[in-house]
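Here are the chains, one letter per residue:
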Amino acid sequence: MNIEIEEVGPCKKLLKIEIPREKIEDEWQKQLSEVSRMANLPGFRKGKAPRKLLERKFGDQIKDEVKRAVVSESYRQAVEGNKLSPIGDPNVGDIDLELGKPLKFEITLEVLPTFELGEYKGIQLKKKPVSITDEDIDNALNTISRQKAQLTVVDKGKVKEGDYIICDCEVGVNGEVIWKDEELEVMVSGSSVANINVPDLKTNIVGAKSGDKRTMDVELGNNFPVEQHRNKPANIEISIKEIKRPASPDINDELAKQVGYDSLGELKEFLSKRLEVEKKKLVEGEMHEQIYSKLVEMADFDLPEDMIAHQSNERLHRYQMELISKGAPLEEIEKNMDDLKNASEESVVKDFKLSLVIDRIAEEEKIFVTEDDVNQRINGLAGMYGIEPALMRKHLEKINSMSSLRHQLKAHKTLNFLMKEAAIEEVREETKEDVKKEVKAKQKGK
C-alpha cells in the first residue's frame, strides 16, 4: 500500500492512498467466499454455487464490502504508521473500484496539533494578601439587614428607586382597553408589570405620588394573555394606589438572633471566618487565571478550522438559548449575533488550546486519575444531591459524563501540580490611600 500525506490547512491532512490490485483481488475472494458460504441459491448447496453466478447476483454487495474493508484497514494503517491524532470523522473521497486495477482514493482529516511545551515549572504568580477589614464585615452586616427588610407603607411622599407600588393596570391598543388587572405589586427598579416588559418603568414612576397615573408605550410580547394582540405595540396605564418602601432592621443583637446567633459579636466572628474563606478562594481563583494565561501563551499553534467552526457554532446556539430563556429581547440577540459569534470562537480556541497544553503537561509529569479519585468525586457529588453514590455513578454513565469527569479531575490535579511548582510573589493590596496618592501624583504631574 502506498500512502502520501499532504498538508492542506491548519491541522488538516490529505491522505493519498493506493492499494495494489493483488490486495483488492484477495479481499474480493475473501468476501466472495463469505457470500458463497451464506447464500441460498436454487439448485445449489451452500458454498457450491459458481463464482460467476454469485458475482452476477451479489456483485454490488461484494464490491461495497471490499471497499469498506480496504478503506478501513488502509486508514487505520495510515493513522497508526504516521502517528496521526484524528479529530472527528474523516472525509473519504470518491472510490471507483475495478477488479484488475489498483484502487486509488483520498481521505481528508483533521488532526490534533503537534507542539513543543514551554517551561511550565516555576511560573511567576502574584498573590494578594487575605485580610478582613471592618468595612468588609460592615458590608456583610448591611447585606443581611437588607435581606431582612420589611415593606412599610409610605403615607406621604413620592416614589423612590427601590420602592414597590400597589397599582391598577390597563393595557390599551388603538384606544381600546384589551386587558386590565388590579392590586398588582410592582418593583419600581424593575422593568416588568404583570409579565409585560416596560423598559421606561423606573423613569416614569420615580417621583410620582399615590393617586397619580402614568401611561407608557410598550411592546406586547409572546406571553401576553390576549393572544390576538401579542407582539403588538400598545400603551399601559398604571394607577398608583399605595407606595411601599423596604425598611431594614437595625444592626444589633436582635438582628443576630434573627439569623441564628446569640449576639452581634458572635455574628461578626462568623462573618469574619466566612469572608476569609471566600477571599482565599478568590485569591486562589485569580492565581489559577494567571496560570491559565501563561499556558495559553505557550499554545503557539494553529487549531483545526472545521472543528473550531463546529464547536463555536454549538456554543453560540447554547448561549443564544440562555439569553432567550432569560427573556432577552430577540431583536437585541439578532443585532449582536456577530459579536456573540466572535466571542464564542475566541472562547472555544482558548479553552481547546488550554486543554491540549494541560493534557501534555499531565502526560510529561505522569499525572493520572485513579479510581479512588473518581470515587471520591462521585461521593462528593452524591452528597450534594442527597443520593447514594451508586445512583450518581449510574446517572453520570447514562448521560455519558464519566469521561468528562475524569478529564476534569486530571486538569485539576495538573493545576495543583503547577501551583506547587510556581514561583509565588506576595503583593500588597492597593488601599484607598494608595489610590488617593496616585491621583495626587498624576495631578502634580500635569
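Look a little higher up for the structure.
Definitions and cut-offs
- Residues numbered from 1 in each chain as written.
- Predicted model: local features only at pLDDT ≥ 70, side-chain atom pairs only at ≥ 80, totals over all residues.
- Heavy atoms only, no water.
- Helix = DSSP H or I, 4+ residues; strand = E, 2+ residues; numbered from the N terminus.
- Buried < 20%, exposed > 50% of the residue type's maximum accessible area, 1.4 Å probe, protein only.
- Axes fitted to C-alpha atoms, helices over the stretch in contact; angles between N-to-C directions.
- Parallel < 35°, antiparallel > 145°, perpendicular 65-115°, else oblique.
- Contact = heavy atoms within 4.5 Å.
- Nonpolar A, V, L, I, M, F, W, Y, C, P; charged D, E, K, R; others polar.
- Pairing = 2+ DSSP bridges.
- Phe/Tyr/Trp six-rings, centres within 6.5 Å; stacked < 30°, edge-to-face > 60°.
- Disulfide = S-S within 2.5 Å.
- Expected span 1.5 Å × (residues − 1).

A. Quick look at unusual backbone geometry. Despite not being glycine, Asn231 shows a phi value in the positive range, around 65°. With respect to the element layout, Asn231 can be found in the loop between strand S11 (213–219) and strand S12 (233–247). A positive phi angle, near 55°, is found at Lys366, a position not held by glycine. Relative to the elements of secondary structure, Lys366 occurs in the loop between helix H9 (337–364) and helix H10 (371–385). Using a relative accessible area of 60% as the deciding quantity, one classes Lys366 as exposed.

B. Local environment of the packing of helix H6 (residues 264–298) against helix H12 (residues 402–421). Relative orientation of the contacting elements H6 and H12 amounts to 95°, with a least axis distance of 11 Å. Classified by the angle their axes make, H6 and H12 are roughly perpendicular. Within the contact between the two elements, H6 uses Glu284, Met287, His288, Ile291, Tyr292 and Leu295 and H12 uses Leu415, Leu418 and Met419. Considered class by class, the residues forming the contact of H6 with H12 number 7 nonpolar, 1 polar and 1 charged.

C. Structural view of the sheet that holds strand S3 (residues 86–92). Strand order in this open sheet of 4 strands is S1-S2-S4-S3, and the pairing throughout is antiparallel. Each of the sheet's edge strands pairs with one partner strand only, and the pair in question is strand S1 (2–9) and S3. This sheet shows a mean twist of 25° between the axes of neighbouring strands, independent of strand direction. Bridging between strand S2 (residues 12–19) and strand S4 (residues 103–111) involves 8 bridges; their strand directions are antiparallel. In the strand pairing of S4, Lys16 is matched with Glu106.

D. Up close: the packing of aromatic side chains. The final tally for this structure, using the stated rule, is 3 aromatic pairs. Ring geometry for Phe115 and Phe301: centres 4.5 Å apart, planes at 25°, overall stacked. One end of the pair, Phe115, is in the loop between S4 and strand S5 (124–127); the other, Phe301, is in the loop between H6 and helix H7 (305–325), and 186 residues separate them in sequence. Exposure remark for Phe115: the relative accessible area of 13% places this residue in the buried category.

E. Up close: the state of the cysteines. Considering all chains together, one arrives at 0 disulfides under this definition. In this structure Cys167 is a free cysteine whose sulfur lies 6.3 Å from that of Cys169, the closest cysteine sulfur available. Classification of Cys169 by relative accessible area gives buried; the value is 1%.

F. Inspection of the pairing of S2 at higher detail. Counting buried residues in S2 gives 6 out of 8 residues, a clear majority hidden from the surface. In this structure, S1 lies alongside S2, joined through 7 bridges in antiparallel fashion. Bridge pairing in S2 links Ile5 to Leu15. Hairpin geometry of S1 and S2 is characterised by an intervening segment of 2 residues between the two adjacent antiparallel strands and by a positive phi of about 60° at Cys11.

G. Broad picture of the pairing of S4. Here 4 bridges tie S3 to S4, and the two strands are oriented antiparallel to one another. Residue pairing across strands places Val92 opposite Ile107, the latter belonging to S4.

H. Quick peek at helix H1 (residues 21–38). In a regular helix each residue adds 1.5 Å, so 18 residues correspond to 26 Å; H1 covers 26 Å between its end C-alpha atoms and thus fits that length. Buried within H1 we find Ile24, Glu27, Trp28, Gln31, Leu32, Val35 and Ser36. Of the surrounding secondary structure, the elements contacted by the buried residues of H1 are S2, helix H2 (51–81) and S4.

I. Spotlight on the environment of Ala422. Looking at the element boundaries, Ala422 is found in the loop between H12 and strand S13 (423–426). Residue classification places Ala422 among the buried residues on the basis of a relative accessible area of 16%. Between the C-alpha atoms of Ala422 and Gly122, which are 300 residues apart in sequence, the distance is 4.2 Å. Not counting the four nearest positions on each side in its chain, Ala422 is found in contact with Gly122, Ile123 and Leu125.

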